[in-house]
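# Structure assessment
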Amino acid sequence: MSDLKTPDLKLPAFRNEPYADFTQPATRHAMEAAQEQVRALLGREYPLLIGADKVFTEAKLTSLNPARTEEVVGLHQKATPDLANLAVETAWANFPAWSRTSAADRIRMALRTAALIRERKFEFNAWLMFEAGKTWPEAEAEVAEAIDFCEYYAREMERLSGSQDVVQLPGERDELRYLPLGVGIVIPPWNFALAILCGMTVAALVAGNTVVIKPSSETPTIAAIFAETLLEAGFPPESFCFLTGSGGSIGDLLVAHPRTRFISFTGSRDVGLHINELAAKHQKGQVWIKRVVAEMGGKDAIVVDADCDLDAAVEGVTVSAFGYQGQKCSACSRAIVDDKIYDEFVDKLRDRVRKIAVGSPEDPANYMGPVIGAGAKRTILDYIEVGKSEGRLLTGGGEGPSGGYFIEPTVIVDVDSKARVFQEEIFGPVLAVTRARDFDDALAMANDSQYGLTGAIYSNNAQHIDRARDEFFVGNMYINRKCTGAMVGAHPFGGFNMSGTDSKAGGPDYLLLFLQAKSIAEKLRT
């Protein structure tokens, strides 16, 4: 890997991408124009990308708008096992040349990717609205995060390029260099169809690896647009392959392939565990232990202490639970409230949640859009029925507007800590509220979970806050603020236990997951 000493790549300090202000008429009109521009592109067909070849298959995958289920967003190919095998072999064949590309060149490509997304931010926003059901602010935040990942990982590669500082023994020249791993399989989720895809892919590419991108079948169009952006930014077609299709048909093959060196995955617990198990099994011809980087969801709690700003807690719980329809691994799905303020909190929460507008994400007046698909809608409604038997329905509980996969924001109170809706990840707009005897009880219930991703505490009690810092067992903990909205650079993101491998995306450790260290010691002549 080349030493990075070129003066033109002394990058300024990282700064998060600012959000657009849609209260400004000109900005709002620009977003509306982007919606119309993207709507005119709906229904196009996108190929697989394997090396320099564009591949079309007989079987097709159709992506629909979850807010208008009759509207086709994109038409995609269904990769076969033979094509998946070809993609990995192609990435393997291209790895030696790509890994020798200078770090400076790869950094420039990452920065160019950020620039292109920034230039087309409103277009990417619109794609997220149409295919992922994201509202204006949710789409804007996600596209900004994608830009942040590119900018941040470019700077991290600058830091990790060349020889690293190590102790110099007398009579030796000692150095440490970071090398790329090889072929990676990138499996992003649908709920952050651009940001997480972008972060995992750019991290692997800027480190010098080749990758095979296997996007979610719920949001393949956004992934295809991103792949086109990578090519335009200068990443050569030999550096990555792009495969759409059924995970059941090609997923295991990609993970198990002996040429696969690492898997970067974000998704459900069960799929993540299966990937980890499959990757751990040695395959004939495999000469390494595969590395798995996994983020697998959460059942995140907000503790509302007796002494707190109650209105701020109600607002924090509401936006954490129902932003993007609760379809975030960081979403609050458990509110644990001290008995002294429980009844008042519940009354205020009911009034606040009933103000949430549900409808098309194209309309900025709506806070909640649709859930991602018919299967998700069925599962969530089934959980609501379970919740009705496990607690008291406070508000919501039914379907939303017709024409899409809409569900009302739902709150179930008086839930026991062992109830299914308290323990199981629902991944939808359903909040369970539980009464705690005191802070000790609240903290114990918050930690009574197989997951450990995000959590928050609302409290004015300094002793309780300090205890939460030490005892609240989550990878991302927040104090007197919502438990969603991690910012690249400021809040490295990743959780404990069944929430994954605590990979800390957007942090100073993340790029090391796609590199391996080589120590070199040279004896000097006297």
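As a starting point, this report considers the structure included with it. (Residues numbered from 1 in each chain as written. Predicted model: local features only at pLDDT ≥ 70, side-chain atom pairs only at ≥ 80, totals over all residues. Heavy atoms only, no water.)

## Regarding the overall build of the chain
Helix and strand content of the chain: 15 helices and 21 strands. Taken over C-alpha atoms, the radius of gyration comes to 24 Å for the chain, in line with the 24 Å a tight globule of 526 residues would show. Once the C-alpha set of the chain is aligned to its principal axes, its extents read approximately 75 × 60 × 50 Å. Within the chain, buried positions represent 59% of all 526 residues. Nonlocal contacts in the chain, meaning residues at least 24 apart in sequence, comprise 76% of its contacts between residues at least 6 apart. For the chain, the exposed surface amounts to about 20,600 Å²; the carbon and sulfur share of it is 51%. In the chain, 55 positive and 70 negative side-chain charges are present, and the distance between their average locations comes to 5 Å. (Helix = DSSP H or I, 4+ residues; strand = E, 2+ residues; numbered from the N terminus. Rg over C-alpha atoms; globule rule 2.2 N^0.38 Å. Buried < 20%, exposed > 50% of the residue type's maximum accessible area, 1.4 Å probe, protein only. Contact = heavy atoms within 4.5 Å. Areas by Shrake-Rupley, 256 points an atom, 1.4 Å probe, with all protein chains shown as cover. Lys, Arg positive; Asp, Glu negative; His and termini not counted. Charge placed at Lys NZ, Arg CZ, Asp CG, Glu CD.)

## Let's talk about the packing of helix H2 (residues 81-99) against helix H8 (residues 247-256)
With their axes 9 Å apart at the nearest point, H2 and H8 run at an angle of 30° to one another. Viewed along their axes, H2 and H8 adopt a mutual orientation that is roughly parallel. Pair H2 / H8 crosses with right-handed handedness. Contacts between H2 and H8 involve Pro81, Ala84, Asn85 and Val88 on the former and, on the latter, Ser249, Ile250, Leu253 and Leu254. (Axes fitted to C-alpha atoms, helices over the stretch in contact; angles between N-to-C directions. Parallel < 35°, antiparallel > 145°, perpendicular 65-115°, else oblique. Left-handed = near helix turned anticlockwise from the far one by under 90°.)

## Here we look at H8
Regarding H8, the residues found buried are Ile250, Gly251, Leu254, Val255 and Ala256. Of the surrounding secondary structure, the elements contacted by the buried residues of H8 are H2, strand S7 (183-187), strand S8 (210-213), strand S10 (260-266) and helix H9 (269-280). N-capping of H8 is provided by serine 246, with a side-chain oxygen placed 3.2 Å from the backbone N of glycine 248. (Polar contact = N/O pair within 3.5 Å; in protein donor to acceptor, adjacent residues only side chain to side chain.)

## Topic: the nonpolar core
Counting residues in each nonpolar core, the largest one holds 80 residues, and the members touching the most others are Tyr153 and Phe240. Examining the composition of this core, we find that 12 residues originate from one element, helix H5 (residues 136-160), more than from any other. Those residues within four positions of phenylalanine 240 in sequence are excluded, and the remaining contacts are Leu49, Gly51, Leu205, Val211, Ile213, Ala227, Leu230, Leu231 and Phe235. (Core = buried A, V, L, I, M, F, W, Y, C linked by side-chain atoms within 4.5 Å.)

## As for helix H11 (residues 342-353)
The end-to-end C-alpha distance of H11 is 16 Å, a good match for the 16 Å that 12 residues give at a rise of 1.5 Å each. Buried within H11 are the following residues: Tyr342, Phe345, Val346, Leu349 and Val353. Angular distribution of buried residues about the axis of H11 spans 100°; they occupy a single face of the element. Each element contacted by the buried residues of H11 is listed here: strand S12 (300-304), helix H10 (310-322), strand S13 (332-338), strand S14 (392-395), strand S15 (410-413) and strand S16 (430-436). (Expected span 1.5 Å × (residues − 1). Arc of directions from axis to C-beta.)

## Concerning the sheet that holds strand S1 (residues 44-46)
The strand order across the open sheet formed by 3 strands is S1-S5-S4, and the pairing between neighbours is mixed. Edge strands, defined here as strands with exactly one partner in the open sheet, are S1 and strand S4 (60-65). This sheet shows a mean twist of 35° between the axes of neighbouring strands, independent of strand direction. Judged from the 3 bridges that link them, S1 and strand S5 (residues 68-77) form a sheet pairing that is parallel. The partner of glutamate 45 across the bridge, within S5, is leucine 75. (Pairing = 2+ DSSP bridges.)

## A closer look at the layout of surface pockets
Considered as a void within the structure, the largest pocket measures approximately 1,100 Å³ in volume. For the lining of the largest pocket, the elements supplying multiple residues, two or more each, are H8, S10, H9 and helix H12 (374-390). Grouping the constituent residues of the lining of the largest pocket by class yields 19 nonpolar, 15 polar and 8 charged. Considered as a void within the structure, the second largest pocket measures approximately 810 Å³ in volume. (1 Å grid on protein atoms, 1.4 Å probe; cavity = no way out; pocket = protein on both sides within 12 Å on 5 of 7 lines; lining within 4 Å. Points joined across faces, edges and corners; volume = space filled by probe spheres on them. Nonpolar A, V, L, I, M, F, W, Y, C, P; charged D, E, K, R; others polar.)

## A few points about empty space enclosed by the protein
Rolling a probe over the atoms, with the probe sized like a water molecule, indicates the empty space that remains. This model, assessed by the stated rule, comprises 1 cavity of 30 Å³ or more. If you add up the space inside the largest cavity, you get close to 80 Å³. Lining the largest cavity are 13 residues, and of these Gly326, Lys328, Ala331, Ser333 and Phe427 lie nearest its centre. Partitioning the lining of the largest cavity into residue classes produces 6 nonpolar, 4 polar and 3 charged.

## Re the packing of helix H4 (residues 121-132) against H5
Relative orientation of the contacting elements H4 and H5 amounts to 125°, with a least axis distance of 9 Å. Considered as vectors, H4 and H5 are oriented oblique to each other. Crossing of H4 over H5 shows right-handed handedness. For the pair formed by H4 and H5, the contact residues are Lys121, Phe122, Phe124, Asn125, Leu128 and Met129 on the first element and Trp136, Ala139, Glu140, Glu142, Val143 and Ile147 on the second. Grouping the constituent residues of the contact of H4 with H5 by class yields 8 nonpolar, 1 polar and 3 charged.

## Overview of the side chain of glutamine 35
Following the sequence through the fold, glutamine 35 ends up in helix H1 (residues 25-39). Looking at glutamine 35, the relative accessible area reads 6%, which means it is buried. When near neighbours in sequence (up to four residues on either side) are disregarded, glutamine 35 contacts Ala126, Met129, Phe130, Trp136 and Glu362.

## Overview of the side chain of threonine 410
As for its placement among the helices and strands, threonine 410 is situated in strand S15. Setting aside residues no more than four positions away along its own chain, threonine 410 makes contact with Phe322, Ile384, Leu393, Thr395, Gly396, Gly397, Pro429, Val430 and Leu431.

## Some words on the pattern of salt bridges
Two side chains with opposite charge may pair up if their charged atoms get near one another. Inspection of every chain in the model, using the stated rule, returns 36 salt bridges. Salt-bridge contacts for lysine 121 lead to glutamate 17; the nearest nitrogen and oxygen are separated by 3.8 Å. Placement of lysine 121 in helix H4 and of glutamate 17 in the segment before H1 is noted, with a sequence separation of 104 residues between them. The class of lysine 121 is buried, set by a relative accessible area of 8%. You can call glutamate 17 buried: its relative accessible area is 12%. Glutamate 315 is paired through a salt bridge with arginine 352; the nearest N and O atoms lie 2.7 Å apart. Linking glutamate 315 in helix H10 with arginine 352 in helix H11, this pair joins segments that are 37 residues apart in sequence. Each of Glu17, Arg118, Lys121, Glu140, Glu151 and Arg155 takes part in a single network of salt bridges with overlapping partners. (Salt bridge = Lys/Arg side-chain N within 4 Å of Asp/Glu carboxyl O.)

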